[in-house]
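Each chain, written out:
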Amino acid sequence: MIYPILRKAFFKMAPEKAHYFAMNRLKNICGLPGGRALVSALCAHQDPKLKTSVFGIDFRNPIGLGAGFDKNALYLRELEALGFGSVEIGTVTPKGQPGNPQPRLFRLPADQALINRMGFNNDGAPAVRERLENWREKHDLKNGFIIGGNIGKNKITENEDAWKDYLSCFKTLFEAVDYFTVNVSSPNTPGLRALQEKDSLRRIFTEIQTVNQGKNTPKPVLLKIAPDLNEHQLADILQLATEINLSGIVATNTTISRAGLKTPEATVTSMGAGGLSGRPVKARATEVMEFLIQGLPASTPVIASGGIFTPSDAQSRLKAGARLVQVWTGFIYEGPAIAGKICKQLG
């Protein structure tokens, strides 16, 4: 009940500033005696019936937080307390980079949407690995809270060498995360989406899987795709999925489309380039998800992402065949209890 009031206050702040302000206050609360338990009691909903096993990993519930929210693994304790079953940290690149100049994150309240052109700002794989290792030393790893590693390439790396960046991140983070998602679908790194073409994907995944399959316990490796792929490109993804031993697909990332927005065109234009997320991407993300589910073998699960705000949003994707769902923009508009609200309805 209190979040709509807090949201009004947050929305008076610059979006990126509001994000860190809110999460750091939550961090302060969780650091107090009994604070974490209080946050969990208010926001989370634990139900053993929600446990689900996907690509060999046991999740305490199917509601995850998508990549981009906790890029540097700074808020794992807090996100666990909020009741998420998983979180994807990153996108992480081999070397730290500042990302694109600010402002680079914009709200479209009339559309319940965001536009971002963050540009893979992160501390780099070695720093993130150290943070993850420290967190794992201090926390219960048997409660089903799963950490995914979303990996990408540095901006300065040419596409022909992109596989080296993905492989570097994979090796660096291997012991620190439970699964990997290869991100070739952000619109905010020049040329990145070209890596969604069949030959580029084949090279990236072949190099990763060569190392992965040499491990005693290989990690699941997923692919995150854009909602803007056409049917021919999606068919290529289906054909490639078995060949490169995909563990799953995250459908979808943000869109470069600006069609059908309620926000005035001049306002949207003034925000500039970037990926659009939230309610406007829901329909296309669902179409892509359904196309993949129909074409993939049952052994290759799909994680639904894009426009998930309510319990019914999550239920409809799961009923359509998604094995897990991820929220992001919905967190901003619905508040920190979003995972608990969805889980309560699913239980």
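Residues numbered from 1 in each chain as written. Predicted model: local features only at pLDDT ≥ 70, side-chain atom pairs only at ≥ 80, totals over all residues. Heavy atoms only, no water.

## Some points on the overall build of the protein
Test applied: To qualify as a helix, a DSSP run of H or I must reach at least 4 residues; to qualify as a strand, a run of E must reach at least 2; elements of each kind are numbered from the N terminus. Taken over C-alpha atoms, the radius of gyration is set against a globule rule of 2.2 Å times the number of residues to the power 0.38. When a residue's accessible area, from a 1.4 Å probe over protein chains only, is under 20% of the maximum for its type it is buried; when over 50% it is exposed; and in between it is partly exposed. Two residues qualify as a contact provided that any one of their heavy atoms is within 4.5 Å of a heavy atom in the partner residue. The Shrake-Rupley method, run with a 1.4 Å probe sphere, supplies the accessible areas, and residue values consider only the shown protein chains as cover. Charge counting follows a simple rule: Lys and Arg are positive, Asp and Glu are negative, and His as well as the terminal groups are ignored. Charge positions come from single atoms, namely NZ of Lys, CZ of Arg, CG of Asp or CD of Glu.
A tally of helices and strands in the protein yields 13 helices and 13 strands. For the protein, the C-alpha radius of gyration of 19 Å lies close to 20 Å, the compact-globule estimate for 347 residues. Viewed in the frame of its principal axes, the protein has a C-alpha envelope of about 50 × 50 × 40 Å. Within the protein, the proportion of its 347 residues that are buried is 56%. Long-range pairs, those at least 24 residues apart, make up 72% of the contacts in the protein between residues at least 6 apart in sequence. Summed over all atoms, the accessible surface of the protein reaches about 14900 Å², with 54% contributed by carbon and sulfur. Measuring between centres, the 42 positive side-chain charges of the protein sit 7 Å from its 31 negative side-chain charges.

## Section: the sheet that holds strand S6 (residues 113-116)
Backbone-to-backbone hydrogen bonds join strands into a sheet, with any given pair of strands oriented parallel or antiparallel. Test applied: Strand pairing is defined by DSSP finding a minimum of two bridges between the two strands. Between N-to-C directions, angles span 0 to 180 degrees; the directions come from axes that are lines fitted to C-alpha atoms, helices contributing only their stretch in contact.
If you walk across this open sheet you meet the three strands as S5-S6-S11, and the pairing is antiparallel. Strand pairing shows two members of the sheet lacking a second neighbour, strand S5 (105-108) and strand S11 (275-278), which therefore form its edges. Shown here is a sheet whose adjacent strand axes are inclined to one another by a mean of 25 degrees, direction ignored.

## Section: the nonpolar core
The condition that has to hold: Grouping buried Ala, Val, Leu, Ile, Met, Phe, Trp, Tyr and Cys residues that are joined through side-chain atoms within 4.5 Å yields what is termed a nonpolar core.
Core analysis: the largest hydrophobic core is formed by 82 residues, its most contacted members being Leu79, Phe84, Leu132, Tyr166 and Leu292. The element best represented in this core is helix H6 (residues 162-173), accounting for seven residues. Residues contacting Tyr166, with those up to four places away along its chain left out, are Ile151, Gly152, Lys153, Val182, Asn183, Val184, Leu192, Leu195, Ile204 and Ile208.

## Considerations on the pattern of salt bridges
Heads up, the condition is: A pairing counts as a salt bridge when a side-chain nitrogen of Lys or Arg comes within 4 Å of a carboxyl oxygen of Asp or Glu.
The final tally for this structure, using the stated rule, is 16 salt bridges. For Glu80, the salt bridge goes to Arg36, with nearest N and O atoms at 3.5 Å. You can see Glu80 sitting in helix H4 (residues 76-81) and its partner Arg36 sitting in helix H3 (residues 35-43), a full 44 residues away along the chain. Note on Arg36: relative accessible area 31%, which makes it partly exposed.

## Quick word on unusual backbone geometry
Glycine aside, negative phi is the norm for most residues, and most peptide bonds take the trans geometry. Residue Thr91 follows Gly90 across a cis peptide bond; omega there is 20 degrees. If you trace the backbone, Thr91 turns up in strand S4 (residues 86-92). Located in the positive-phi region is Gln112, a residue other than glycine, with phi close to 50 degrees. Structurally, Gln112 is set in the loop between S5 and S6. The backbone of Asn245 shows a phi angle near 60 degrees, a positive value even though the residue is not glycine. Inspection of the secondary structure puts Asn245 in the loop between helix H8 (231-243) and strand S10 (248-251).

## A word on the packing of aromatic side chains
The following threshold applies: Aromatic contacts are taken between Phe, Tyr and Trp rings whose centres are within 6.5 Å, Trp giving its six-membered ring; a plane angle under 30 degrees counts as stacked, one over 60 as edge-to-face, and the others as tilted.
Scanning the model with the defined rule gives ten aromatic pairs in all. With centroids separated by 5.4 Å and ring planes inclined at 65 degrees, the aromatic side chains of Phe170 and Phe174 adopt a geometry described as edge-to-face. Residue Phe170 is classed as buried on the basis of its relative accessible area, which comes to 0%. Since its relative accessible area comes to 4%, Phe174 is described here as buried. On the numbers, 4.6 Å between centres and 45 degrees between planes, the contact of Phe170 with Phe180 is tilted. You can see Phe170 sitting in helix H6 and its partner Phe180 sitting in strand S8 (residues 179-183), a full ten residues away along the chain. The class of Phe180 is buried, set by a relative accessible area of 0%. Among the aromatic residues, ring-to-ring pairing joins Phe69, Phe84, Trp328 and Phe331 into one connected group.

## Re empty space enclosed by the protein
How we decide: Method remark: on a 1 Å grid restricted to protein atoms, a set of points is classed as a cavity if a 1.4 Å probe fits but cannot get out and as a pocket if it is open with protein on both sides within 12 Å along at least five of seven lines; lining residues have an atom within 4 Å of a point. Grid points are joined across faces, edges and corners, and a volume is the space filled by probe spheres set on the points. Polarity classes work like this: nonpolar for Ala, Val, Leu, Ile, Met, Phe, Trp, Tyr, Cys and Pro, charged for Asp, Glu, Lys and Arg, and polar for all others, with Gly in that last group.
In total, this model carries two cavities of 30 Å³ or more according to the counting rule given. The computed volume of the largest cavity comes to approximately 600 Å³. Lining of the largest cavity is provided by 41 residues; of these, Ala67, Gly68, Asn116, Thr254 and Trp328 occupy positions nearest its centre. Elements with a minimum of two residues in the lining of the largest cavity: helix H2 (15-30), S6, S11, strand S13 (324-327) and helix H12 (329-334). Of the residues belonging to the lining of the largest cavity, the class tally is 15 nonpolar, 22 polar and four charged. There is about 30 Å³ of room inside the second largest cavity. Lining the second largest cavity are Gln196, Glu197, Lys198, Leu229, Gln233 and Asp236. Considering only residue class, the lining of the second largest cavity consists of one nonpolar, two polar and three charged.

## Quick word on the sheet that holds strand S12 (residues 302-305)
With parallel pairing, the eight strands of this closed barrel are ordered in space as S3-S4-S7-S8-S9-S10-S12-S13. Strand-to-strand twist in this sheet, taken as the mean axis angle between neighbours without regard to direction, amounts to 25 degrees. As judged from the four bridges shared by S8 and strand S9 (residues 221-225), these two strands associate in the parallel manner. Paired with Asn183 across the strands is Lys224, a residue of S9. Those strands touched by H6 are S4, strand S7 (146-151), S8 and S9, and its axis lies near 160 degrees from that of S8.

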